[in-house]
Amino acid sequence: MPRQRLSPRLTMLVRIALAAAPENGTARPLEEDRARSVGLSGAEIDAARAGHSFDIQEAAAIRLARAIRHGDRDAIQPLLEAASRLGLSNAQLAEITALALHD
């Protein structure tokens, strides 16, 4: 069975949320046209910048990424478990972790 990777859409949502996170100080601007090229609407881009999503699985990924980036150790494990219950694979969770730590 092939490893399930994050979709370009979910990758972009996580990157937007991380770039706009308050702990980043001045967020690097992300190209809105690139976000739109993976199917994001303006409302979805704005929601991601605020750390949210209209989709429950995407919202879980965003919350997890931000907790990891912020180093919120108490929140990480419950968020990992919630994201897994919502259908994100171990490979996808590893990608989210990598984005949060290195993006």
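The structure reproduced in this document is the subject of the present report. For every chain, the first residue of the written sequence is number 1, and numbering continues from 1 along that sequence. Given that the model is predicted, a residue must reach a pLDDT of at least 70 before its local features are reported, and side-chain atom pairs must reach 80 or more before they are shown or counted; all residues, however, enter totals for whole chains, interfaces and linings. In computing side-chain values, all of the structure's heavy atoms are included and hydrogens and water are not.

1. Things to note about helix 5 (residues 73-85)
- Relative to the 18 Å expected for 13 residues at 1.5 Å per residue, helix 5 spans 19 Å between its end C-alpha atoms, a close match to the ideal helical length.
- Three or more residues of helix 5 are buried, namely Ile-76, Leu-79, Ala-82 and Ala-83. Around the axis of helix 5, the buried residues are gathered within 140° of arc, so they sit on the same side. Turned more than 90 degrees from where helix 5 packs its buried face, Arg-73, Asp-74 and Arg-85 sit exposed.
- Those residues of helix 5 that are buried are in contact with helix 4 (56-70) and helix 6 (90-102).
- Each helix is a run of H or I in the DSSP string that is no shorter than four residues. Each strand is a run of E no shorter than two, and both are numbered from the N terminus. Within two residues after helix 5, Gly-87 carries a phi angle of roughly 105°, on the positive side. Helix span is expected to be 1.5 Å times the residue number reduced by one. Buried, partly exposed and exposed residues are distinguished by accessible area as a fraction of the type maximum, computed with a 1.4 Å probe on protein chains only: under 20%, between the cut-offs, and over 50%, respectively. Note: the arc covers the axis-to-C-beta directions of the helix. Only heavy atoms enter the contact rule, under which two residues are in contact if any of them lie within 4.5 Å.

2. As for the packing of helix 4 against helix 5
- Across the interface, helix 4 lies against helix 5 with an axial gap of 9 Å and an inter-helix angle of 155°. When the interaxial angle is binned, helix 4 and helix 5 end up roughly antiparallel. In the crossing of helix 4 with helix 5, the sense of the turn from one axis to the other is left-handed. Residues Ala-60, Arg-63, Leu-64, Ala-67 and Ile-68 of helix 4 form the contact with helix 5, whose participating residues are Ala-75, Ile-76, Leu-79, Leu-80 and Ala-83.
- Residue type decides the class: Asp, Glu, Lys and Arg count as charged, Ala, Val, Leu, Ile, Met, Phe, Trp, Tyr, Cys and Pro as nonpolar, and the leftover types, Gly among them, as polar. The class makeup of the residues in the contact of helix 4 with helix 5 is nine nonpolar, no polar and one charged. Whenever a helix is involved, its axis is fitted only over the stretch in contact; in every case the axis is a line through C-alpha atoms, and angles between N-to-C directions fall within 0 to 180 degrees. Just so you know how the angles are binned, under 35 degrees is roughly parallel, over 145 roughly antiparallel, 65 to 115 roughly perpendicular, and the rest oblique. When the near helix sits turned anticlockwise from the far one by under a right angle, the crossing is termed left-handed; a clockwise turn instead gives a right-handed crossing.

3. With respect to the pattern of salt bridges
- By convention in these notes, a salt bridge is any Lys or Arg side-chain nitrogen within 4 Å of a carboxyl oxygen on Asp or Glu. Using the criterion set out here, one finds six salt bridges in the structure.
- Two residues, Glu-95 and Arg-5, come together in a salt bridge whose shortest N-O distance is 3.5 Å. Of this pair, Glu-95 sits in helix 6 while Arg-5 is found in the segment before helix 1 (8-19), placing the two residues 90 residues apart along the sequence.
- Here Arg-49 makes a salt bridge to Glu-32, at a shortest N to O gap of 3.7 Å. Remark: Glu-32 occurs in helix 2 (residues 32-37) and Arg-49 occurs in helix 3 (residues 42-49); sequence separation between them is 17 residues.

4. What to know about the nonpolar core
- Residues Leu-10, Val-14, Ile-16, Leu-40, Leu-64, Leu-88 and Ile-96 are the most contacted members of the largest nonpolar core, which totals 27 residues.
- At the level of elements, helix 1, helix 3, helix 4, helix 5 and helix 6 are the ones that each hand at least two residues to this core. The nonpolar core is taken to be a set of buried Ala, Val, Leu, Ile, Met, Phe, Trp, Tyr and Cys residues, with the residues joined through side-chain atoms within 4.5 Å.

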